[in-house]
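Fold and geometry: a report
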Amino acid sequence: AQTVTQSQPEMSVQEAETVTLSCTYDTSESNYYLFWYKQPPSRQMILVIRQEAYKQQNATENRFSVNFQKAAKSFSLKISDSQLGDTAMYFCALNDMRFGAGTRLTVKP
Amino acid sequence: DVKVTQSSRYLVKRTGEKVFLECVQDMDHENMFWYRQDPGLGLRLIYFSYDVKMKEKGDIPEGYSVSREKKERFSLILESASTNQTSMYLCASSHITGKQPQHFGDGTRLSIL
């Protein structure tokens, strides 16, 4: 069975600092996609970044980047220069419609 | 701009009622999804639809059914609502290859009393 695990239920970071959210997964597929979603308080879930497993280069979207370790089945999200608007639930997902339990990130002023 | 619209933001129903949650997307997407979101459990897939009248069960389909008569509309039906179906329900759609949601609605917070 394919699984996605986020082991950090809650995290906090000071504004302007860098934070890394962890995600591990398990799949028997040889090619797959991984995703990070952001859900701000009382607002819509949005897709932040996605990574194709066959690409060795880590995906980057502005201040968001991933550290994809295929052999270790690890897919962490790094947020640089954290902003108050980054406060949200973050979900890791595998391309079989399965999501992790989420990490609640709070950015402190 | 891409839009997924869920008919209600908040809904309160009674045990045993038949409940309809509606979702409409304006992007001509083939794929549509219904999830429920519970604290500590993340999002769990209830049903997935890849075309009109086509559906697949997700991880937790028991007690739910779906209807997709038109491409833009995907309805979730609670046949006989129970208190353990109190939750946040999220609808999503996508055009990307593979089964992965891309755009989400605002969610419906459903309370069953």
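To be clear, the structure that these remarks concern was listed above.
So, a few notes on the structure that sits alongside this text. (Residues numbered from 1 in each chain as written. Chains lettered and ligands numbered in written order. Predicted model: local features only at pLDDT ≥ 70, side-chain atom pairs only at ≥ 80, totals over all residues. Heavy atoms only, no water.)

This part covers the state of the cysteines. All names here are of chain A. Applying the stated criterion across every chain yields a total of 2 disulfides over all chains. Each sulfur of the disulfide joining Cys23 and Cys92 lies 2.0 Å from the other. The sign of the S-S torsion, about -70°, decides the handedness of the disulfide formed by Cys23 and Cys92: left-handed. Pair noted here: Cys23 is in the loop between β3 (19-21) and β4 (24-26) and Cys92 is in strand β10 (residues 88-94), with a separation of 69 residues, a long-range link. Owing to a relative accessible area of 1%, Cys23 belongs among the buried residues under this scheme. (Disulfide = S-S within 2.5 Å. Helix = DSSP H or I, 4+ residues; strand = E, 2+ residues; numbered from the N terminus. Buried < 20%, exposed > 50% of the residue type's maximum accessible area, 1.4 Å probe, protein only.)

Further remarks concern the interface of chain B and chain A. With 21 residues of chain B at the contact, the number on the chain A side is 18 residues. Summing both partners gives a buried area of about 1500 Å² for chain B against chain A, and 53% of it is carried by carbon and sulfur. For the chain B face of the interface with chain A, the top three residues by lost area are Leu43, Gln100 and Phe104 of chain B, together amounting to 34%. Note that Asp59 of chain B is salt-bridged to Arg98 of chain A, the shortest N-O span being 2.9 Å. Counting across the interface, chain B meets chain A through 9 residue pairs in polar contact (both at pLDDT 80 or more). Mapped by element, the contributors of at least two residues to the side of chain B that touches chain A are β4 (31-38) and β5 (42-51) of chain B. If you tally residues by element for the side of chain B that touches chain A, the top one is β5 of chain B, at 4 residues. Residues that form the side of chain B that touches chain A fall into these classes: 11 nonpolar, 6 polar and 4 charged. (Contact = heavy atoms within 4.5 Å. Buried area = accessible area lost by both parts, 1.4 Å probe. Salt bridge = Lys/Arg side-chain N within 4 Å of Asp/Glu carboxyl O. Polar contact = N/O pair within 3.5 Å; in protein donor to acceptor, adjacent residues only side chain to side chain. Nonpolar A, V, L, I, M, F, W, Y, C, P; charged D, E, K, R; others polar.)

Turning to the pairing of strand β7 (residues 64-70) of chain B, a few remarks are in order. Residues and elements named next belong to chain B. In the sheet, β7 pairs with strand β8 (residues 73-78) via 5 bridges, with the strands oriented antiparallel. Paired with Tyr64 across the strands is Leu78, a residue of β8. Between β7 and β8, which pair antiparallel one after the other, the connecting turn spans 2 residues. (Pairing = 2+ DSSP bridges.)

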